[in-house]
Amino acid sequence: MSSKLELLRANAEYIKLVKLINKYDDLYYNHDTSAISDAEYDKLRQRLLYLEELYPILRTPNSPSVKVGASISNKFSPVEHKIPMLSLENAFNFKDLEEFIARACKYANITTECLDYCCEQKIDGLSVSLIYEKGSLVRASTRGNGYIGEDVTKNVKQVINIPHEIPIVENVEIRGEIYMPITAFNKLNEERQRKGKQTFVNPRNAAAGSLRQLDERITAKRNLCFFAYYMLGIKLTSQINVLEKLKELKFSVCDFEHCNTIDEFQNYFLKIKKIRNKLDYAIDGVVLKINNLELQNQLGFAGRNPRHSIAYKFPAEQVETKLLNIEVNVGRSGKITPVAILKPVQLCGSTVSRATLHNFKEIKNKSISIGDVILVEKSGDVIPKIIGISRKKSKQTSIIVPTNCPSCASNLVKMDGYIDIFCPNKYGCPAQALAYIIYFASKQCFDINGLGKKQVEELYNFGLVHSPIDLFNLKKSYIDFGLELKQGWGSLSVQNLLASIEKSRSISFRKFINALGIHEIGCNLSEKIADDFKSIDVLMSTTEERLQCINGLGQSKINNIIQFVSNKINIDFVNKLLHHVNIIYNK
Ligand code: IVH
């Protein structure tokens, strides 16, 4: 009985994990972004593999454990990989490595003494395949789903250190990683921020977004680079030989070392971990490859991973720094969140001076005080998190939970069912209005290019825009007068901004719903609602019963929608908005 119950529990957890991993895979591979850190993602995957091993009955043919990479976009022509571009198994500790070696030895019926290794840095970029015929680069493709990739030949030809011709007669395939140097990444993000464009979360996303451009001239401007690590089509005996041959052909190869034992590999890992912050490219671990290529062939693949190579991943990076202050942020829904202001420190290749704290309860639970030395963790990509306190200044927290909104001074309230505190002044709080306009202009809503946080703040502070409706009433002369003269906006950026606002007037129904900012209704639910409702008029006159028919809408979300559509201010807002915009249905 209990084992049946355990299986049921495992099944429920497994279904949740599959959903989550698929969601994060879609964001990573198809939208060039990450919502969680690599370390957190790896933990989900490890748990999935563990459950599948414990209960093989749970595994489905579509399990993320057998899929590799992305679904194929129709942005580029498909290219079939003659040999699949699969993925590496991850090791997180020494025991995982020992088990990997033992499995390989058992499979090939050899002892560990027979093995030597090629150890390489694991570059955090995106893998590509390059086909050279008679020495000329004829095709380049992304990994895609491992079997079919995207034709990015034109784009790859813009990568500075990829040779278009190589002195070799055989037809060869070269694989490696395209990445964006950290200096280029920081420069690109600074520029995007200045222009009000969305910034990239990490160099890998920036590299993927820059390579997968329809206009290869954009790729050319992004300073992408390439490290080669793999070559098919000529006979060589070891992975070390492959890398040497690649070097001879003028490819840049990632750092590598020959090791005879697993202890030597450990030393290499520690050495690379120490210097990783000094590199101008992101790495997320080191790769251990059995050096002998004949043996590699013999070992072959188990599912989506080779039996001859494994990635030893770095743990999430942590660093100590002093907590200087706590700022209070007011979100677009009025949610009050504490933000830790830190003494700036270097972490994962960037300077960190702010970290998230989810709510004031967390401050109390961790007894955080200003002046404490705290431990901050970052995993290459996502926003830094406070893990704990290293040295305390005082036993009790000195941080007082605010009682009034820092923007409009309203008394803050606690809402039923939420830990957070909120500013209830939904229609009169400047901080909420500002946060809402920033959200309204963002990519997943009206996607107004050139209108980021900085620009919205300037328009707001100058009194030109107090609500999203004002955006559609902006005239060149107003902005010229207000901003170009007083804030130093160039006339070109004013023109570009007005052109982007014009373009945003046509909007899909799902983005329109998302842009309404209904509490707890994000991109995914907006899409579901758009699929279910014929028009905005039908949605604005919906009933609770009608909403209950939508899968995935719980009671609290239904209440939020009903509250929204029955509020006169919202009805007026939607009606006014409809004077300015044109919803494209079925898009
Ligand atoms: S060998 C079967 N070597 O890591 C795949 N991969 O998680 C063999 N990567 O898909 C790949 N640096 O995109 C290899 N030195 C390196 C690498 C490397 C980065 C990437 C590659 C691969 C992923 C596996």
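Summarised in this report is the structure supplied together with it. (Residues numbered from 1 in each chain as written. Predicted model: local features only at pLDDT ≥ 70, side-chain atom pairs only at ≥ 80, totals over all residues. Heavy atoms only, no water.)

### Examining the sheet that holds strand 7 (residues 172–179)
With respect to topology, 4 strands assemble into an open sheet ordered 5-4-7-8, the strand pairing being antiparallel. Of all the strands in the sheet, just strand 5 (136–142) and strand 8 (225–232) have a single pairing partner and so form its edges. The average angle at which neighbouring strand axes cross in this sheet is 30°, direction not considered. Alignment of strand 4 (residues 126–133) against strand 5, held across 6 bridges, turns out to be antiparallel. Across the sheet, Tyr-132 pairs through a bridge with Leu-137, a residue of strand 5. In the packing of helix 6 (residues 203–211) onto the sheet, contacts are made with strand 4, strand 5 and strand 7, and the angle to strand 4 comes to roughly 40°. (Pairing = 2+ DSSP bridges. Helix = DSSP H or I, 4+ residues; strand = E, 2+ residues; numbered from the N terminus. Axes fitted to C-alpha atoms, helices over the stretch in contact; angles between N-to-C directions. Contact = heavy atoms within 4.5 Å.)

### Section: the packing of helix 3 (residues 94–108) against helix 9 (residues 262–275)
Taken N-terminus to C-terminus, the directions of helix 3 and helix 9 make an angle of 140°; their axes are 12 Å apart at the nearest point. Considering their axes alone, helix 3 and helix 9 lie oblique with respect to each other. Here helix 3 and helix 9 pass one another in a crossing that is right-handed. Of the residues in helix 9, those in contact with Phe-94, Leu-97 and Ile-101 of helix 3 are Ile-262, Asp-263, Phe-265 and Gln-266. Taken together, the residues of the contact of helix 3 with helix 9 sort by class into 5 nonpolar, 1 polar and 1 charged. (Parallel < 35°, antiparallel > 145°, perpendicular 65-115°, else oblique. Left-handed = near helix turned anticlockwise from the far one by under 90°. Nonpolar A, V, L, I, M, F, W, Y, C, P; charged D, E, K, R; others polar.)

### Brief notes about the site of the ligand
In the vicinity of the ligand lie 15 residues, with Glu-120, Ile-123, Arg-143, Glu-177 and Lys-289 positioned nearest. With respect to the ligand, the backbone of Ile-123 contributes an N or O atom lying 3.0 Å from a nitrogen atom. In the model, an oxygen atom of the ligand is placed 3.3 Å from a nitrogen or oxygen of the Ser-127 side chain. Within the complex, the protein chains bury 88% of what would otherwise be the 510 Å² of accessible surface of the ligand. (Near = heavy atom within 4 Å. Polar contact = N/O pair within 3.5 Å; in protein donor to acceptor, adjacent residues only side chain to side chain. Areas by Shrake-Rupley, 256 points an atom, 1.4 Å probe, with all protein chains shown as cover.)

### Details of the pattern of salt bridges
Any two side chains of opposite charge can pair, given that their charged atoms come close. Scanning the model with the defined rule gives 20 salt bridges in all. Here Lys-313 ties to Asp-284 by a salt bridge, and the two come within 4.0 Å at their closest N and O atoms. Remark: Asp-284 occurs in strand 10 (residues 283–290) and Lys-313 occurs in strand 13 (residues 309–313); sequence separation between them is 29 residues. Where Glu-320 meets Arg-391, a salt bridge forms, and the shortest distance between an N and an O atom there is 3.5 Å. With Glu-320 in strand 14 (residues 317–330) and Arg-391 in strand 18 (residues 385–391), the pair connects residues that are 71 residues apart, well separated along the chain. For Glu-320, a relative accessible area of 41% corresponds to the partly exposed category. According to the relative accessible area criterion, Arg-391 is exposed, its value standing at 52%. Each of Lys-122, Asp-284 and Lys-313 takes part in one network of salt bridges that share partners. (Salt bridge = Lys/Arg side-chain N within 4 Å of Asp/Glu carboxyl O. Buried < 20%, exposed > 50% of the residue type's maximum accessible area, 1.4 Å probe, protein only.)

### A short note on the packing of helix 12 (residues 430–441) against helix 13 (residues 453–461)
Between helix 12 and helix 13, the shortest axis-to-axis distance is 9 Å and the interhelical angle comes to 135°. In terms of orientation, helix 12 lies oblique with respect to helix 13. Judged by the twist between their axes, the crossing of helix 12 over helix 13 is right-handed. Each of Pro-430, Ala-433, Leu-434, Ile-437 and Ile-438 in helix 12 lies in contact with helix 13, whose residues at this interface are Lys-453, Val-456, Glu-457 and Tyr-460. Its residues placed into classes, the contact of helix 12 with helix 13 shows 7 nonpolar, no polar and 2 charged.

### Quick look at the nonpolar core
Of all hydrophobic cores here, the largest spans 50 residues; its most connected members are Phe-440, Phe-446, Phe-512, Ile-536 and Leu-577. Counting residues per element, this core draws most heavily on helix 12, which supplies 6 residues. Leave out the neighbours within four places in its chain, and Phe-512 touches Phe-446, Ile-507, Ile-536, Val-574, Leu-577, Leu-578, Val-581 and Ile-583. In terms of nonpolar packing, the next biggest core, distinct from the first, is built from 40 residues, Val-172, Ala-184, Val-242 and Leu-246 among them. (Core = buried A, V, L, I, M, F, W, Y, C linked by side-chain atoms within 4.5 Å.)

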